[in-house]
Amino acid sequence: MDHRIVIVGAGHAGGAAALALRELGFAGEINLVGDEAHLPYERPTLSKELLSGADSEPVHLADADRWAALDVRLNLSSEVTGIDRETREVTLADGAALPFDTLILATGGRARRLATPDHPRVHVLRTVDDARGLAAGANPGAKAVIVGGGVIGLEAASILVGMGLSATVLEAGDRLLGRNIPAEAAQWLADAHARIGVEVRLGRSVASVAETGDALIVALDDGSTLDADLMVVGIGIVPCAEIAEAAGLPVSGGVLVDANYRSLADDHIFAIGDLAVRIFGEEPTPRRMETWAHAQTSARAAALAILGQPAEPEPAPWFWTAQCGHMLQIVGDPAAGDTVVARGDGVRLYVRDDILVGAVCLDQARDFGTAKRMIGKPLKLDAAADPAIDLRKAAA
């Protein structure tokens, strides 16, 4: 088969797409292009095991020998500067061109930064090198200021306190984890952070950052200041959609795609992972999804579409976060529920018209696994509310 596929972005989604193509029988040429020097890896450990030093390497999708055996051509430390849709070529920063019959964009996003000058003590946490740089400066007894009370910021705070630092979290909103976690579950984690000594300041943002000697002075919007030995900025990502937009592809906070992750403007181009903007389920508005699971499922869905194979049932979205010795897992769309079923202290089930639409579980892996299989199915609410009853028996 002489079909040529170029994958731009050698992170989790891009690497998973190459593996899925080979697993599904694609025998043509695959060029995988990434601007990092590392083999494709998963990102969750960056703010967990890699940052803490528990692991010295990220979780790679495959080792170098496996990539060679699969005949996937790795173009690492390479930046794509342009896409020519007429000639079907991508141009690299060194002037080289890679022809394609199908192009997969998996460029993800880059860490959003503060509107303050860069400083070596101010860190983001998006890549292996970011995690290693932060770990190198995380000395016991140091003071850390974390900007952003989302998943990345709170995971970093948890790890840094475990490494012997103090941590203050600044969150501009009125609660932690306001973007994608129900308020009650967010409070579970807020309480866990309080127990390990993390200070949280809500409704606060950074006005300026100045250096004094070996430390930073962080001025807040209310006029107060914090001394810090290091700062971590975890305020989300900016989708790397510039080359797609320059090529004339429809973009809106990412690359707009259909249910099979195919560009709305070009049948030869797909976008997957954090970059893809699409309709999920019955939601009225397209959006991006930044999870480990979505990197996997979007890569496989695109591979199936490229090979003309039937689409597989789309699993319910899910993700997890590990903080302060706890595991919080979320599946489905809790916001879609009109009824909340409290199942003991660590499980909340979200129901609409007696159908399970979402679940949040704290340190309840068994209930989470069951809820994951039951999303979209009828639920007997009385049985579901009793933690002494196996959740499987609550199926209506």
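All of the points below concern the structure found in this document. Not measured: the values here are computed from a predicted model.

### With respect to the sheet that holds strand β6 (residues 97-99)
As summarised here, the arrangement of the three strands in space is β4-β5-β6, forming an open sheet in which the pairing is antiparallel. With partners counted over all chains shown, the strands left at the sheet margins are β4 (80-84) and β6, one partner each. Mean inter-strand twist for the sheet, computed between neighbouring axes without regard to direction, equals 20°.

### Considering the pairing of strand β1 (residues 4-8)
Most of β1 sits inside the fold, with four of its five residues counted as buried. Of the pairings in the sheet, the one linking β1 to strand β2 (residues 29-33) comprises five bridges and is parallel in character. By the bridge assignment for β2, V6 is matched with N31. Once the chain exits β1 it traverses helix α1 (residues 12-23) before rejoining the sheet at β2, and the crossover so formed is right-handed. Inspection of the sheet shows β1 paired to strand β7 (residues 102-105) by four bridges, in the parallel sense. Bridge pairing links I5 to T102 in β7.

### Here's the deal with the sheet that holds strand β15 (residues 225-228)
Across the sheet, three strands lie side by side as β13-β14-β15; this open sheet has antiparallel pairing. The sheet is open, and its two borders are formed by β13 (206-212) and β15, each paired with just one other strand. This sheet shows a mean twist of 20° between the axes of neighbouring strands, independent of strand direction. As paired strands, strand β14 (residues 215-220) and β15 are joined by four bridges and run antiparallel to one another. By the bridge assignment, V218 is partnered in β15 with L226.

### A few points about the environment of G109
Position of G109 among the secondary structure elements: in strand β8 (residues 109-111). When the C-alpha positions of G109 and P284 are compared, they lie 24 Å apart, and in sequence the two are 175 residues distant. In this structure, G109 is in contact with R126, I237, V238, P239 and C240, ignoring residues within four places of it in sequence.

### Let's talk about the side chain of R343
Here R343 is to be found in the loop between β23 (339-342) and β24 (347-352). With relative accessibility at 3%, the residue R343 sits in the buried group. Within the local environment of R343, its side chain forms a polar contact with the backbone oxygen of A384, the two atoms lying 3.0 Å apart. Separated by 2.9 Å, the side chain of R343 and the backbone oxygen of D386 make a polar contact. Once residues within four sequence positions are removed from consideration, R343 is found in contact with R348, L349, D367, A383, A384, A385, D386, P387, I389, D390 and L391.

Scoring rules and cut-offs
Position labels on residues start from 1 in each chain and follow its written sequence. It should be noted that, the model being predicted, local features are given only for residues of pLDDT at least 70 and side-chain atom pairs only at 80 or more, the latter also being counted only at that level, while totals for whole chains, interfaces and linings use all residues. No hydrogens and no water enter the side-chain calculation; it runs on all heavy atoms of the structure. Two strands qualify as a pair provided DSSP detects at least 2 bridges between them. Labels follow the DSSP assignment, with helices taken as runs of H or I lasting at least four residues and strands as runs of E lasting at least two, numbered in each case from the N terminus. The axes are straight lines fitted to the C-alpha atoms, using for helices just the contacting stretch, and the angles between their N-to-C directions are given from 0 to 180°. Exposure is judged per residue with a 1.4 Å probe applied to protein chains only, and the accessible area is read against the type maximum: over 50% gives exposed, under 20% gives buried, and values in between give partly exposed. Consider the strands pointing away from the viewer: the crossover is right-handed when the path from the first strand over the helix to the second runs clockwise. Any pair of residues with heavy atoms lying within 4.5 Å of one another is described as a contacting pair. Nitrogen and oxygen atoms within 3.5 Å of one another constitute a polar contact, given that in protein one can donate a hydrogen and the other can accept it, and given that sequence-neighbouring residues count only through two side-chain atoms.

By themselves, these figures tell us nothing about what the structure is for.
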